[in-house]
Amino acid sequence: MIAAGDQVNLNATSTCVNLMVHGTLNMSTNNRTLTVNGTLLFNGVGAITGNGATRVVNVNNGLNVALGATITWSGCTIAITGASTVSGSLTFTSTAASRTFNSDVTVTGSLLFTANVPVAFGAKLIAGNGSAVGGGGSTGILSLTSDLQIPAAASATIASVTLTCNAICDVQGNATLNGGTFQFNNVHISGSGVLDVSPAANTIAVSGSWINTSSAGDAYVEGNSSPVTLNGAIGTQQITASSGTETFFDLIIANTSGTSPAIAMGANVAVTNDLDHSNGVLDLAGYALTITGSPGAETHAFNGATMITSVNGGAFTVTDPSNVNRITFTNYRMGDNVRGVTTNVTCGRISFVGFTQWGTAFFTKTLNVDDVFGGGNYYHGPVTFTADATASRWRMG
């Protein structure tokens, strides 16, 4: 035990069973390893100091930061095996060396960063009730090979992190993303869970499926500043929502898997600001894809990709209440010779180059700026082009 107010300098490789730290453990010398075969327990105000990759702390039966404990940990190499709990406050303060948790880590307190610190999780990171993961003034760089889990009845905030999760973002409780960059394999919102990204701007990418089976009335709170990118490279990504409609602020479809379809809708999808589709075959599967429009001047770019519907009834609708947005179709195909996509686009500006349309379509421009048709456009089915009375003309060229 290192008592409150005491400092122990580790200047020789050492082994112990359990270690309780209520003071300071100073990893003072390079090429030294401390092995704790039991549990490393912090139960007061304490610190581990000393920077260097060859200053190593190995723990074989978990880390326990007790409720009320406040711990700072600098830049020695850390490898912790065994389930760990952070009920108090643990702050990483240095980018030196590496930090690896090989077993589940449950946070019900705070995991903070005063430097841009990388931390690797070889098992689950469980953000329990009242937890704060991230914050402290710098960015935590978190890499997970297993799930990020927010259990049922838990309320957790994740902020100021760059987080890569190669498994599932598993939201069963209430999770708030409060400013960060997130790459998830799959997103699952279940039980009565809520994923809220509205408090701050987040950048979210999903390489797998977005599965929302939550019974909450608004299980994904999209806010007005957080884009979601579907960037899978293998197989088909699915979008489902038990409410019948999933709503995104910005949605970017950039699947490079080569699978057809690359994106399969299992619910209606509404986009409140901007939608771009640059890669992959999007299958509406009989559902509705709607852009409800933004008061800001957005450009919806449909470039080099395909939208189909494998089930009758698939529809694509665009509205532009402020008459300031633009939609561009460049080398883009809508529908096929088996089923057309019913299309109704009203937008400030609309342009086509190398565009192919199957199915009934209405295109209405509303902005007083000329739009020019490029070459290579093919329309199969009844298509109507309209310029509102206050709009400028269409020019075919």
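None of the values given here were measured: they were computed from a predicted structure.

**Q** Give me the lowdown on the nonpolar core, citing residues and values where you can.
**A** One broad trend across soluble globular proteins is that nonpolar side chains are buried collectively. With 99 residues, the main nonpolar core has W73, F316 and F329 as its most contacted residues. Residues within four places of W73 in sequence aside, it is in contact with L40, F42, I48, V57, L63, I78, I80, L90, T91, F92, T93 and S94.

**Q** Please give an account of the packing of aromatic side chains that cites residues and values.
**A** As enumerated under the stated definition, the model contains 25 aromatic pairs in all. Measuring from ring centre to ring centre gives 5.4 Å for F302 and F329, while their planes differ by 35°; the resulting arrangement is tilted. Placement of the pair is F302 in strand 37 (residues 299–303) and F329 in strand 40 (residues 326–330), with a sequence separation of 27 residues. An identical accessibility class is assigned to F302 and F329; each is buried. Ring centres of F302 and Y332 lie 5.3 Å apart, and the angle between their planes is 85°; on these two criteria the pair is classed as edge-to-face. With a gap of 30 residues between them, F302 in strand 37 and Y332 in the loop between strand 40 and strand 41 (333–334) connect regions that are remote in the sequence. A residue is classified by how much of its surface remains accessible, and Y332, at 1% relative accessible area, is buried.

**Q** Kindly report on the environment of T240, identifying the contributing residues and their values.
**A** The residue T240 is located in strand 31 (residues 237–241) in this model. Considering only alpha carbons, one finds T240 and F363, 123 residues apart in sequence, at a separation of 28 Å. Setting aside anything within four residues of it in sequence, one finds T240 in contact with W210, I211, N212, E246, G266 and A267.

**Q** Any chance you could break down the sheet that holds strand 16 (residues 110–113) for me, citing the residues and the numbers?
**A** To summarise the sheet geometry, strands pair through backbone hydrogen bonds and adopt either a parallel or an antiparallel arrangement. Taken in spatial order, the 11 strands of this open sheet run 1-4-7-10-13-16-19-22-24-26-29, and their pairing is parallel. A single partner strand is all that each edge strand has here, and the edge strands are strand 1 (7–9) and strand 29 (220–221).

**Q** Requested: an account of the state of the cysteines, with residues and values cited.
**A** Counted according to the given criterion, the structure contains zero disulfides. C16 supplies the cysteine sulfur nearest to C76, a cysteine that is in no disulfide, at a spacing of 14 Å. Here C165 stays unpaired: no disulfide links it, and the sulfur of C169, its closest cysteine neighbor, is 6.7 Å away.

**Q** Run through the pattern of salt bridges, naming residues and quoting values.
**A** A complete count under the given rule lists two salt bridges for this structure. Residue R349 is joined to D371 by a salt bridge in which the shortest nitrogen-to-oxygen separation is 3.2 Å. Taken together, the positions of R349 in strand 43 (residues 349–353) and D371 in strand 46 (residues 371–373) put the pair 22 residues apart, joining distant regions of the chain. Comparing R349 with D371, the two get one shared label, buried. As a salt-bridge pair, D371 and K365 come within 3.3 Å of each other at their nearest N and O atoms.

**Q** So what's going on with empty space enclosed by the protein? Residues and values would help.
**A** Tallied over the full model, the rule gives one cavity of 30 Å³ or more. Its boundaries defined by the atoms lining it, the largest cavity holds a volume of some 30 Å³. What lines the largest cavity is V86, L90, F92, F101, V105, L111, V119 and F121. Mapped by element, the contributors of at least two residues to the lining of the largest cavity are strand 13 (89–92) and strand 17 (118–121).

**Q** Any details on the side chain of E246? Residues and values, ideally.
**A** Looking at where E246 falls in the secondary structure, it is placed in strand 32 (residues 245–254). Buried charged residue E246 carries no salt bridge. Nearest counter-charge: K124, at 22 Å. In terms of polar contacts, E246 uses its side chain to reach the side chain of N212, at 2.9 Å.

**Q** Residue-level account of the pairing of strand 27 (residues 202–206), with values.
**A** Of all the five residues making up strand 27, four are buried; the element is thus mostly covered by neighbouring parts of the structure. Taken together, the five bridges between strand 25 (residues 180–189) and strand 27 define a ladder with parallel strand orientation. Considered in strand 27, the bridge of T181 is made with T203. Pairing of strand 27 with strand 30 (residues 227–230), which is carried by three bridges, proceeds in the parallel orientation.

**Q** Explain the pairing of strand 31 residue by residue, including any values.
**A** Only one face of strand 31 is buried: it carries Q237, I239 and A241, and the other face, with Q238 and T240, is open. Sheet topology places strand 28 (residues 210–212) next to strand 31; three bridges connect them, and they run parallel. Paired with W210 across the strands is I239, a residue of strand 31. Alignment of strand 31 against strand 33 (residues 263–265), held across three bridges, turns out to be parallel. Bridge pairing in strand 33 links Q238 to A264.

**Q** So what's going on with unusual backbone geometry? Residues and values would help.
**A** Of note, the amide linkage connecting S260 to P261 takes the cis form, showing an omega dihedral of 0°. Structurally, P261 is set in the loop between strand 32 and strand 33. With phi around 60°, N31 is a residue other than glycine that occupies positive phi space. Here N31 lies in the loop between strand 4 (24–26) and strand 5 (32–36). Under the relative-accessibility criterion, N31 is labelled exposed at 55%. Phi at A285 takes a positive value of approximately 55°, unusual for a residue other than glycine. Topologically, A285 is positioned in the loop between strand 35 (281–283) and strand 36 (288–291). On the accessibility criterion, A285 (17% relative accessible area) is buried.

Definitions and limits used
Residue indices begin from 1 for each chain and proceed along its sequence in written order. Local features in this predicted model are restricted to residues whose pLDDT is 70 or higher, and side-chain atom pairs enter the listing and the counts only when it is 80 or higher, whereas totals over whole chains, interfaces and linings include all residues. Each side-chain value is derived from all of the structure's non-hydrogen atoms; neither hydrogens nor water enter the calculation. Nine residue types can take part in a nonpolar core, namely buried Ala, Val, Leu, Ile, Met, Phe, Trp, Tyr and Cys, and a core is a set of them joined through side-chain atoms within 4.5 Å. With a 1.4 Å probe rolled over the protein chains alone, any residue whose accessible area is under 20% of its type maximum counts as buried; one over 50% counts as exposed, and the rest are partly exposed. Two residues form a contact once any of their heavy atoms are found within 4.5 Å. For Phe, Tyr and Trp, where Trp contributes only its six-membered ring, two rings pair if their centres lie within 6.5 Å, and the inter-plane angle classes them as stacked under 30 degrees, edge-to-face over 60, or tilted in between. Labels follow the DSSP assignment, with helices taken as runs of H or I lasting at least four residues and strands as runs of E lasting at least two, numbered in each case from the N terminus. Note: two strands are recorded as paired if DSSP finds a minimum of 2 bridges between them. Here, a disulfide means two cysteine sulfur atoms that sit within 2.5 Å of each other. Put simply, a salt bridge is a Lys or Arg side-chain nitrogen that is within 4 Å of an Asp or Glu carboxyl oxygen. Using only the protein atoms, space was sampled on a 1 Å grid; points where a 1.4 Å probe fits but cannot get out form cavities, open sets with protein on both sides within 12 Å along at least five of seven lines form pockets, and lining residues are those with an atom within 4 Å of a point. Grid points are joined across faces, edges and corners, and a volume is the space filled by probe spheres set on the points. When charges are tallied, Lys and Arg are placed among the positive residues and Asp and Glu among the negative ones, while His and the ends of the chain are skipped. Whenever a nitrogen or oxygen atom comes within 3.5 Å of another N or O atom, the pair is scored as a polar contact, on the condition that within protein one atom can donate a hydrogen and the other can accept it, and that pairs from neighbouring residues in sequence are kept only if both atoms are in side chains.

These results come straight from atomic positions and should not be treated as a statement about function.
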